[in-house]
Amino acid sequence: MASYVDEVGIGDFVLLDEITTESFLVNLQKRFSGGKIYSYIGEVCISVNPYRTVNIYGQEYVNQYKGREIFERPPHLFAIGDAAYKTMKRRGKDTCIVISGESGSGKTEASKILMRYLAAVTNISGQQEIERVKNVLLQSNAILEAFGNAKTNRNDNSSRFGKYMDIHFDFKGDPLGGQISNYLLEKSRVIMQQSGERNFHSFYQLLLGCPDPELSKFQLTRDPNHYHYVRQGGVSKVDSISDRADYKSVQSAFKTMGFPQDAIDTIWRVVAAVLHLGNVDFKTDGDRTQIKDTTTLTKVATLLNIEKEALNKALSHRVIAAGGEVLHKGHTSSEAIYGRDAFAKAIYDRLFTWIVDQVNKAIQVSGSEGGKTINSTVIGVLDIYGFEIFDRNSFEQFCINYCNEKLQQLFIELVLKQEQEEYQREGIKWQNIDYFNNQVICNLVEESHRGILSILDEACLNVGKVTDNMVLDSMDQKLRGHLHYSSRKLNPSDKELKHGEEFRIKHYAGDVIYCINGFLDKNKDTLFQDFKRVLYSSSNAYLKEMWPEGAQNIYKTTKRPLTAGTLFKNSMILLVKNLTSKEPYYVRCIKPNDQKSPVLFDVERVTHQVNYLGLLENVRVRRAGFAYRQSYDRFLRRYKMISQYTWPNFHGGSDKEAVQILIKEQNLSQDVVYGKTKIFVSSPRTLFMLEQARAKLIPGIVIFLQKLWRGYICRQRYKRVVAVYRIMRYYRRYKMKAFVKELVTAFRNVKQMPDYGKRLRWPAPPPVLKQTTAMLKAIHERWRAWMILRVIPQSDWPQLRLKVAACDVLRGKRPDYGLWRKWEGDYLSLTSEHGAVQKYSTAINNMKNKEKFRKVAFSCLVRKINKHNKMADRAIVVTESAIYKLDQKSFKSMSGKIALQDISALTVSSGYDGLIVIHLQGGNDLVVSLLSSDLEDPRVGEAVGVICHNYRVNQRRDLRVVVSDNVQCMLGKKQRLIQVQALPNVSIVSFTKNPSGDLSYSCPLREPAGKGHNGIKSVKNGY
Ligand SMILES: Nc1ncnc2c1ncn2[C@@H]1O[C@H](COP(=O)(O)OP(=O)(O)OP(=O)(O)O)[C@@H](O)[C@H]1O
Ligand SMILES: [Mg+2]
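Residues numbered from 1 in each chain as written. Chains lettered and ligands numbered in written order. Predicted model: local features only at pLDDT ≥ 70, side-chain atom pairs only at ≥ 80, totals over all residues. Heavy atoms only, no water.

## What to know about the nonpolar core
Inclusion rule: For this analysis, a nonpolar core means a set of buried residues of the types Ala, Val, Leu, Ile, Met, Phe, Trp, Tyr and Cys, connected via side-chain atoms within 4.5 Å. The buried label applies to any residue whose accessible area, calculated with a 1.4 Å probe on protein chains only, is under 20% of its type's maximum; exposed applies above 50%, and partly exposed to all values in between. In this text, helices come from DSSP runs of H or I with a minimum length of four residues, and strands from runs of E with a minimum of two, each type numbered from the N-terminal end. Whether two residues are in contact is decided by their heavy atoms: any pair within 4.5 Å suffices.
If you look at the biggest cluster of nonpolar residues, it comprises 112 residues, and the most contacted ones within it are Phe-147, Phe-203, Trp-268 and Leu-304. Top element by residues in this core is helix α13 (residues 333–363). It accounts for 15 residues. If we ignore the near neighbours within four places in the chain, the residues touching Phe-147 are Leu-185, Phe-200, Ser-202, Val-250, Phe-254, Ile-267, Trp-268, Val-271, Tyr-348, Leu-351, Phe-352 and Ile-355. By size, the runner-up hydrophobic cluster in this structure holds 80 residues, among which are Val-445, Leu-479, Ala-564 and Leu-615.

As structure tokens, then:
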């Protein structure tokens, strides 16, 4: 099955030729000696404690195992971690890794290695928050081990509490946070240690690692032998442990987790207070018990921020509230010592739980209240105290060993029992494999009424004086004949057991003799109310928080709390339930020897462990069994794409038939068995092949799905766009109709209106009709013009244009500009104007040929003034492109023509005279007064209209016209002012130079001929 090379012995015990204890051990020893500490039984990992640093956990090893199947690489814990991770990711299933084995077999190390692996393979995108969570998860170990681990005779770093950690992952497989559950701390260790053992590491870390100033703040001396609570085992120094370095790591872990400085301070103060409390002694004075030395007491009170007197009282008295009265009863000296010890245990125990709570807060999955969030999956890692036998075993060992029985039971249930039962249920040919079922031992402890915990609880309930001895009696009575229980009374010949004191339980992992003394007290776990109140009264907020029940009214009778045993039993039942709900992976740890030697393989000790762990049975079940099973429908759903017959749907029959066709097509029939509802696959390799075939097709399917989905999205978008356009179309049509309707209403009577709708307010058009409306407006304007002009004969329209041009520039600025009369234009061609018409015609015809103009638009006699202030009479002729000055006699052009484009502006006066200044570029304007035979009209309006009209046609822009009585002009490149003077006694126009250098223009005073000279209407009327 295994495909890797470089093996020592056989990596997977399933492949052993012969399944006997001997061959199993030979192979295990061979591997251990060859440095291979991990082996498999299928997917169960066997780990043998190497007791030395092995260099197999670095990044290169992580890379080797990442994303690989178990059988592809040599056995390693990483492979188990990866399998649990893969299952969680692939199937979205919660998984758990249960690490079991006796004390010192390497469980805690294994759990840390697994956590480090999971941290190493996740958060590829390097998100900060995930890094923080991972860091906190890893660092939490240092803190929990400092406060919950201790040196025992079995293990220098023995876990004295149970730990189950759920790590939550998001859908991408990145850790989101976690939740740690702690189980029963062995708190008796706080006050008492067996020979060769130590108290919890935290005490020694504080005493040996904490800097001097801190130490004196806590009023401690750097010598563990000075303190009763830490010196009883006789070893304060352990070679494998550096308390100083560990203190530093713990401090840094506190910081990483975000513990506030005052919280860290409080934690160490409590540890110091416990140390001092152990040194509080009592003396008896008559029947009064008193504290011998109150300086120590003061230290405790100061460290806990409580009243010294209140503490003194709580240690030497007991408050009894009965019948509404409060009595203070003095302690006997043994009661006082019991009270002090119970106090010390309770403070430390609470501190530990509080620390775990704080750690949980730091790694809590956001959006969850400690529980599981909807979108996360979980990998649980269980590292709990291992099975242990000491010289003297008490209530704590009883609980620890019961816990191990429960885990063994879980293993049996899931790996041995359920598996075999399932084969039978599914109708698969199966040779039953026998194994020892330890349910009977679990029952011995936990059964109601008959179980040891029940018997203990019953005794605790009794009001009268019940002793441990009486409990043993009761157990003897009720458990007589039980195959796994015995005592001296039940078996008097068994000299190993002390009469009235000891009993023996035959655990799955070995016989353990327990000493009944202390069982009752430890089960009751009473702490006098007074202590709770004293701690609640502490001015330290953290301590107050640890003791909320101290707030309770002294008179209030409280419900009897559950006993320690029952609480522990309940938590175990819950734990097992939790583990059962997840897909389990097992790591079975084996301790090769009791000497912590890296080379010694104690065959006897290992055989014992192999036997009680049921590893051989495990191999047998596994060998005959199947690596994987799945219901047909789920199997089909996962692998249907592999076969053309089943993809996308199988139409030929049941799911089972579909699966059979699929397997046959893949040539895998020899490795599977078909059950009633499930398919069973023998080797992981087959599964791997199916997975590979699936993985190859997934990208295509993803693209296919993306294609469909994108198509769907596009179709939806297209439909929406079409709908939008349709709505827009309808809306636009509606707006247009509404506009047109409004327009029609507004313009209904436009023909009858005197201004033909000039002043009508147009309704606001919708944007789409803006252009059309502009066109409509133009049409309306044209129509209006037509309506006005239709009475004027078409032949007069050219003249009208000239009048409009004059109107544009002169309206409102001059009193009259000849609109009322017919504009003759070429006045010099009229005999009424002068007597040389024939001469003029000849001259003009010659000019026409020479100058190539079409016709004379305007001609007139003028009087001009030149730059030398000299007046001269001339004639001017305006054509479509130029102005000509002609000699008045010969009508010959003088000094060239003035092209229209050379004109920059015109200036006329606002009066009723003939002055017109034609401004030219070059500084010599043409200043003339138009002369007319008809003195009624000076013809200025006509000349301006003709020049402006021709200029617009010629130049495509308007000519500027200034109307002013202070006429500015340039003569001889000089700025000159012409003052217009209309005088009654003047009959002929003249220009004269003033003494100031300016010019005066005198002309006869005339009145305009008619009214209504300002608009089209008047033009119309004029005709
Ligand atoms: N993989 C390993 N590599 C190196 N040393 C190891 C390894 N596993 C265990 N050890 C050594 O064995 C010691 C005991 O291991 P560990 O504390 O994990 O035992 P445990 O099973 O948790 O015991 P307990 O039940 O008492 O808590 C460790 O302190 C370490 O020295
Ligand atoms: Mg441990």
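And the narrative resumes.
## Some thoughts on the site of ligand 1
Condition: The rule for a residue being near a molecule or strand is that one of its heavy atoms must lie within 4 Å of it. In the analysis that follows, any N or O atom pair within 3.5 Å is treated as a polar contact, provided that within protein one partner can donate a hydrogen and the other can accept it, and provided that, for residues neighboring in sequence, both atoms belong to side chains. Every accessible area reported is derived by Shrake-Rupley at a probe size of 1.4 Å, with residue values counting cover from the shown protein chains alone. When residues are sorted by character, Ala, Val, Leu, Ile, Met, Phe, Trp, Tyr, Cys and Pro go into the nonpolar class, Asp, Glu, Lys and Arg into the charged class, and all the rest, Gly among them, into the polar class.
Taken together, 21 residues are adjacent to ligand 1, and Ser-103, Lys-107, Thr-108, Ser-158 and Ser-159 come closest. Residue Asn-157 places a main-chain N or O atom 3.3 Å away from an oxygen atom belonging to ligand 1. Gly-386 has a polar backbone atom sitting 2.9 Å from an oxygen atom of ligand 1. In isolation ligand 1 exposes 620 Å². Once the protein is present, 86% of that is buried. For the shell around ligand 1, the secondary structure elements donating two or more residues are α4 (107–121) and β5 (158–159). With 4 residues, the top contributor of residues to the shell around ligand 1 is α4. For the shell around ligand 1, the residue count by class is 6 nonpolar, 11 polar and 4 charged.

## A look at the sheet that holds strand β18 (residues 672–674)
Backbone hydrogen bonds hold the strands of a sheet together, and the pairing may be parallel or antiparallel. Convention followed: A pair of strands is considered paired only if DSSP assigns at least 2 bridges between the two. Axis definition: a line fit to C-alpha positions, over the contact stretch in the case of helices; interaxial angles, taken between N-to-C directions, run 0 to 180 degrees.
Pairing is antiparallel in the open sheet, where 3 strands are placed in the order β17-β19-β18. At either margin of the open sheet sits one strand with a lone partner, and together these are β17 (628–631) and β18. Pairwise comparison of adjacent strand axes, ignoring direction, gives a mean angle of 20° for this sheet. In the sheet, β18 pairs with strand β19 (residues 678–681) via 3 bridges, with the strands oriented antiparallel. Bridge pairing links Val-673 to Phe-680 in β19. Sitting on the sheet, helix α24 (residues 632–639) touches β17, β18 and β19, and the angle it makes with β17 is about 100°.

## What to know about a nonpolar patch on the surface
Note the following rule: Patches here: salt-bridge-free residues with over 30% relative accessible area, like charges joined within 9 Å, nonpolar side chains (Val, Leu, Ile, Met, Phe, Trp, Tyr) joined within 5 Å. A carboxyl oxygen of Asp or Glu within 4 Å of a side-chain nitrogen of Lys or Arg is what we treat as a salt bridge.
Nonpolar side chains collect at one region of the surface, where Val-721, Val-724, Tyr-725 and Met-728 lie side by side and expose about 350 Å² of accessible area between them. Note that Met-728 resides in helix α26 (residues 684–747).

## Some points on the confidence of the model for the protein
Applicable threshold: Every residue is assigned a pLDDT by the predictor, reflecting its confidence on a scale from 0 to 100.
When pLDDT is averaged along the protein, the result is 88, and 96% of the positions lie at 70 or above. Within the model, the stretch residues 1–6 combines pLDDT values under 50 with 19 contacts to residues more than four positions away or in other chains. Segment residues 1010–1023: pLDDT under 50, and 26 contacts once partners within four positions in sequence are set aside and those in other chains are kept.

## As for unusual backbone geometry
Cis geometry is adopted by the peptide bond preceding Pro-648, which originates at Trp-647 and carries an omega value of -5°. Along the chain, Pro-648 turns up in the loop between α24 and α25 (655–665). The backbone of Arg-956 sits at a positive phi, close to 60°, despite the residue not being glycine. A relative accessible area of 75% means that Arg-956 is categorised as exposed.

## Some words on the coordination of the magnesium ion (ligand 2)
Let me state the cut-off plainly: Coordinating donors are taken to be N, O and S atoms lying within 2.8 Å of the metal, or within 3.2 Å when the metal is Na, K or Ca; because water is excluded from the atom set, some sites may appear incomplete.
Donor atoms from the polypeptide that bind the magnesium ion (ligand 2) are Thr-108 (OG1) and Ser-159 (OG), placed at 1.9 to 2.0 Å. Here Ser-159 lies in strand β5 and Thr-108 lies in helix α4, a separation of 51 residues in the sequence. Here Thr-108 and Ser-159 have matching classes, each one buried.

## What to know about the side chain of Asn-401
Residue placement: Asn-401 occurs in helix α14 (residues 395–425). At 2.9 Å, the side chain of Asn-401 and the side chain of Tyr-514 are in polar contact.

## What about a positive patch on the surface?
Under the convention used in this document: In this tally, Asp and Glu contribute negative charge and Lys and Arg positive charge; neither His nor the terminal groups of the chain are included. A charged residue contributes its charge at one atom only: NZ of Lys, CZ of Arg, CG of Asp or CD of Glu.
Side chains of Arg-726, Arg-729, Arg-733, Lys-737 and Lys-741 sit close together on the surface and give a patch of like positive charge. Classification of Lys-741 as exposed rests on a relative accessible area of 63%.

## Structural notes on the pattern of salt bridges
One pass over the structure, following the stated rule, counts 43 salt bridges. Salt-bridge contacts for Glu-131 lead to Lys-134; the nearest nitrogen and oxygen are separated by 3.1 Å. Linking Glu-131 with Lys-134, this pair stays in helix α5 (residues 128–148), spanning 3 residues, or about one helical turn. The buried category is assigned to Lys-134, whose relative accessible area is 10%.

## A word on α4
Definition in use: One fewer than the residue count of a helix, multiplied by 1.5 Å, yields its expected span.
Over its 15 residues, α4 runs 21 Å from end to end, which matches the ideal 21 Å to within 8%, given 1.5 Å per residue. With 12 of its 15 residues buried, α4 lies for the most part within the structure. Those residues of α4 not exposed but buried are Lys-107, Thr-108, Ala-110, Ser-111, Lys-112, Ile-113, Leu-114, Met-115, Tyr-117, Leu-118, Ala-119 and Val-121. Backbone geometry just after α4 places Asn-123 at a positive phi near 55°.

## Comments concerning the sheet that holds strand β6 (residues 162–169)
Ordered by their spatial adjacency, 7 strands build an open sheet running β1-β2-β16-β3-β12-β6-β7, and the pairing between neighbours is mixed. This sheet does not close on itself; its edge strands, each paired only once, are β1 (38–41) and β7 (175–183). Averaged over all adjacent pairs, the angle separating strand axes in this sheet is 20°, with direction ignored. Pairing geometry for strand β3 (residues 95–100) and strand β16 (residues 583–590), over 6 bridges, is parallel. Along β16, the bridge assignment pairs Ser-100 with Arg-588. The sheet contacts of helix α1 (residues 21–33) involve β1, β2 (44–48) and β16, and relative to β1 the element is tilted by about 150°. On top of the sheet, helix α3 (residues 77–91) reaches β1, β2, β3, β6, β12 (377–383) and β16; it is set at about 170° to β16, its chief contact.

## Considerations on the pairing of strand β25 (residues 915–920)
For β25, the tally of buried residues reaches 6 of 6 residues, placing the bulk of the element in the interior. By the bridge criterion, 5 bridges tie strand β24 (residues 903–908) to β25 in an arrangement that is antiparallel. Bridging across to β25, Val-908 finds its partner in Ile-916. Two successive antiparallel strands, β24 and β25, enclose a turn made up of 6 residues.

## Brief notes about the packing of aromatic side chains
The condition that has to hold: Only rings of Phe, Tyr and Trp enter the pairing, Trp through its six-membered ring, and a pair is recorded when the two centres are within 6.5 Å. The plane angle decides the type: under 30 degrees is stacked, over 60 is edge-to-face, the rest tilted. Lysine NZ or arginine CZ positioned within 6 Å of the ring centre and within 35 degrees of the ring normal marks a charge as sitting over the ring.
Enumeration according to the criterion identifies 39 aromatic pairs in this entry. Relative to Tyr-348, the ring of Phe-203 has its centre 5.2 Å away and its plane inclined at 25°; by these criteria the two rings are stacked. Of this pair, Phe-203 sits in helix α6 (residues 201–209) while Tyr-348 sits in helix α13, and the two are 145 residues apart along the sequence. Ring centres 5.0 Å apart and planes at 35° place the aromatic pair Phe-991 and Tyr-1001 in the tilted group. In this pair, Phe-991 is assigned in strand β30 (residues 990–993) and Tyr-1001 in strand β31 (residues 999–1004), connecting sequence segments 10 residues apart. By relative accessible area, which is 3% here, Phe-991 ends up buried. Overall, Tyr-1001 belongs to the buried group, its relative accessible area being 0%. Chaining the aromatic ring pairs together yields one cluster made of Phe-395, Phe-398, Tyr-485, Phe-503, Tyr-514 and Phe-519. The ring of Tyr-204 has Arg-198 lying over it, and the distance from NZ or CZ to the ring centre is 3.9 Å. Here the guanidinium or amino end of Arg-588 rests over the ring plane of Phe-411, the centre of that ring lying 3.7 Å away.

## A short note on helix α28 (residues 797–810)
End to end, α28 covers 19 Å across 14 residues, agreeing with the expected 20 Å (1.5 Å per residue, within 8%). Within α28, 10 of the 14 residues are buried, leaving the element largely enclosed by the surrounding structure. Regarding α28, the residues found buried are Trp-797, Gln-799, Leu-800, Leu-802, Lys-803, Ala-805, Ala-806, Cys-807, Val-809 and Leu-810. After α28 finishes, the residue Gly-812 shows a positive phi value of roughly 80°.

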